[in-house]
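Summary of the model geometry
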Amino acid sequence: MWKVAMSEEVGKAVQSVLERVKQAAARRPKTLPAVPPRLVAVSKTKPPEMIVEAYRQGQRNFGENYVNELVDKASDPAILELCPEIKWHFIGHLQKNNVNKLLGVPNLFLLETIDSPKLADKVNSSWQRLRGASSQRLKIMVQVNTSGEQNKHGLPPEDTVNTVKHIVSQCSALHFSGLMTIGRYGYDLTLGPNPDFQMLLSRRQEVCDTLKLPMEEVELSMGMSTDFEHAIEVGATNVRVGSIIFGNREYPNSALNTPNPSPLPSPAPSPEKTSKTVSEEAAKKMHHLTVSEH
């Protein structure tokens, strides 16, 4: 019985979020690149059955924060059989000793968290060795610590251009896809556009101007369950949404510290109710915030 209920909840939640993504994209200023936003369903701590159900609803991009958990899920027989077109995003902090394990993941689509030239070099050499020099380049993003918080990973913003320049010129096995940030949790949109998102926008402009890259080819990964609509409105092309699709996360071991805790309270309301609540709150905040302010 719980599987039926779970399937219905996940299905409704995926469709609801996709509709909100579409509506937010329609509210973008025409000055922004018209790149359809990609929804990444963050499935950490959730069972393979829920991923399969979201896949059945048309969802293809899924994100995981921990290498071991991604390895387990990507190799799960049900996912391999029922989700042949799945695209895995790694969105957690990557340590150098886990690079080879991560790069062996089947259907790895995008590594969003390169935060130093040294890590880029390690990923580049490992990808060449594992997949062969003639293989398809691995899509990567450069993570920027836009909020300056010590507990957040990512480059200092002022290092962005030089790091991207290094990747483009020195890492032939990598394809630079864009910039990613987590940003400060719980920013109040009634105060104006999120400054962390604005910071990422300005760094993209700087990267494009300096390296002569087309703006529409440099993605911005920013925005999560509580603020993905605002992120899209100001320019996000990739949003990472977990809680309002799969429900709150439950950690069996309290010692498992996550760098990206769910902002929603526990115990978890259903994804449908959560989606509605977040949507209503966002609507109230957006009433005070016009997109033109960006």
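Residues numbered from 1 in each chain as written. Predicted model: local features only at pLDDT ≥ 70, side-chain atom pairs only at ≥ 80, totals over all residues. Heavy atoms only, no water.

**A few points about the UniProt feature "modified residue: N6-(pyridoxal phosphate)lysine" (unreviewed entry) in the protein chain**
Our working rule: UniProt positions are given in the numbering used here, feature names are shortened, and annotations may be inferred rather than shown by experiment. Helix numbering and strand numbering both begin at the N terminus, where a helix is a DSSP run of H or I of at least 4 residues and a strand a DSSP run of E of at least 2. The classification of residues rests on relative accessible area computed with a 1.4 Å probe and restricted to protein chains. Under 20% of the type maximum is buried, over 50% is exposed, and intermediate values are partly exposed.
Cross-referencing UniProt, the feature "modified residue: N6-(pyridoxal phosphate)lysine" (unreviewed entry) maps to Lys44 in the present numbering. With respect to the secondary-structure elements, lysine 44 resides in the loop between strand 1 (38-42) and helix 2 (48-56). Of the residues examined, lysine 44 reaches a relative accessible area of 0% and is grouped as buried.

**Points about unusual backbone geometry**
Not every positive phi belongs to a glycine, and asparagine 107 is a case in point at roughly 65°. Take asparagine 107: it is sitting in the loop between helix 5 (99-103) and strand 4 (108-114). In the Ramachandran plot, lysine 212 falls in the positive-phi region, its phi being about 55° despite a non-glycine side chain. Considering the arrangement of structural elements, one finds lysine 212 in the loop between helix 8 (195-211) and strand 7 (219-221). Using a relative accessible area of 68% as the deciding quantity, one classes lysine 212 as exposed.

**Let's talk about the pairing of strand 6 (residues 174-180)**
Worth spelling out the cut-off: At least two bridges found by DSSP between two strands is the condition for calling them paired. A right-handed crossover is one whose linking path, passing over the helix from the first strand to the second, runs clockwise when the strands point away from the viewer.
Counting buried residues in strand 6 gives 6 out of 7 residues, a clear majority hidden from the surface. Here strand 5 (residues 138-143) runs beside strand 6; their pairing, made up of 6 bridges, is parallel. In the sheet register, leucine 138 faces strand 6, and the bridge partner there is leucine 174. In this view, the connection linking strand 5 to its parallel neighbour strand 6 by way of helix 7 (residues 160-170) has right-handed handedness. In this sheet, strand 7 lies alongside strand 6 in parallel orientation, the contact comprising 3 bridges. Opposite leucine 179, over in strand 7, you have leucine 220 as the bridge partner.

**Structural notes on the packing of helix 7 against helix 8**
Quick reminder of the rule: Fitted lines through C-alpha atoms serve as axes, helices being fitted only where they are in contact, and the angles separating the N-to-C directions of these axes extend from 0 to 180 degrees. Comment on the angle field: the value is read as roughly parallel under 35 degrees, roughly antiparallel over 145, roughly perpendicular from 65 to 115, and oblique elsewhere. Helix crossings are classified by the rotation of the near helix relative to the far one: an anticlockwise turn of less than a right angle makes the crossing left-handed, while a clockwise turn makes it right-handed. We call two residues in contact whenever any of their non-hydrogen atoms come within 4.5 Å of each other. When residues are grouped by polarity, Ala, Val, Leu, Ile, Met, Phe, Trp, Tyr, Cys and Pro land in nonpolar, Asp, Glu, Lys and Arg in charged, and all others, Gly among them, in polar.
Where helix 7 meets helix 8, the closest approach of the two axes is 9 Å, and the angle between their N-to-C directions is 50°. When the axis of helix 7 is compared with that of helix 8, the two are oblique. Where helix 7 crosses over helix 8, the two elements pack in a sense that is right-handed. Between helix 7, through Thr160, Val161, Val164 and Lys165, and helix 8, the contact on the second element is made entirely by Arg203, Glu206, Val207, Thr210 and Leu211. When its residues are assigned to classes, the contact of helix 7 with helix 8 shows 4 nonpolar, 2 polar and 3 charged.

**Quick word on the pairing of strand 3 (residues 87-90)**
As defined by bridge partners, strand 2 (residues 61-64) adjoins strand 3 across 4 bridges and the pair is classed as parallel. Bridge pairing links glutamate 64 to phenylalanine 90 in strand 3.

**Quick notes on helix 7**
How we decide: What the arc measures is the spread of directions leading from the helix axis to the C-beta atoms.
Residues of helix 7 that are buried include every one of Thr160, Val161, Thr163, Val164 and Ile167, and no others. Along helix 7, the residues classed as buried sweep out an arc of 165° about the axis, all on the same side. In helix 7, the exposed positions that point more than 90 degrees away from the buried face belong to Asn162 and Gln170. On its buried face, helix 7 is in contact with strand 4, helix 6 (117-131), strand 5, strand 6 and helix 8.

**Let's talk about the packing of aromatic side chains**
The relation between two aromatic rings is expressed through the spacing of the ring centres and the mutual angle of the planes. We apply this condition: Between 30 and 60 degrees the pair is tilted, below 30 it is stacked and above 60 it is edge-to-face, where a pair is any two Phe, Tyr or Trp rings, Trp via its six-membered ring, whose centres lie within 6.5 Å. Whether a charge lies above a ring is judged from NZ of Lys or CZ of Arg, which has to be within 6 Å of the ring centre and within 35 degrees of the ring normal.
Under the definition given, this model contains 1 aromatic pair. Where phenylalanine 62 meets tryptophan 88, the ring centres are 6.1 Å apart and the plane angle is 55°; that geometry is what we call tilted. Taken together, the positions of phenylalanine 62 in strand 2 and tryptophan 88 in strand 3 put the pair 26 residues apart, joining distant regions of the chain. Of the residues examined, phenylalanine 62 reaches a relative accessible area of 0% and is grouped as buried. Look at tryptophan 88 and you get buried, because its relative accessible area is 0%. Above the plane of the ring of tyrosine 55 lies arginine 60, whose end atom (NZ or CZ) is 3.6 Å from the centre. Against the face of phenylalanine 109 rests lysine 87, its NZ or CZ located 5.0 Å from the ring centre.

**Observations regarding the pattern of salt bridges**
Where we set the bar: Any Lys or Arg side-chain nitrogen located within 4 Å of an Asp or Glu carboxyl oxygen qualifies as a salt bridge.
Scanning the model with the defined rule gives 10 salt bridges in all. Between glutamate 69 and lysine 73 there is a salt bridge whose closest N-O contact spans 2.8 Å. With a gap of 4 residues between them, glutamate 69 and lysine 73 both fall in helix 3 (residues 67-74), about one helical turn apart. Taking the relative accessible area as the measure of exposure, lysine 73 reaches 5% and is therefore buried. Between glutamate 149 and lysine 152 there is a salt bridge, and its shortest N-O distance comes to 3.0 Å. The same class applies to glutamate 149 and to lysine 152, which are both buried. Taken together, the salt bridges that share partners define one network made up of Glu64, Glu69 and Lys73.

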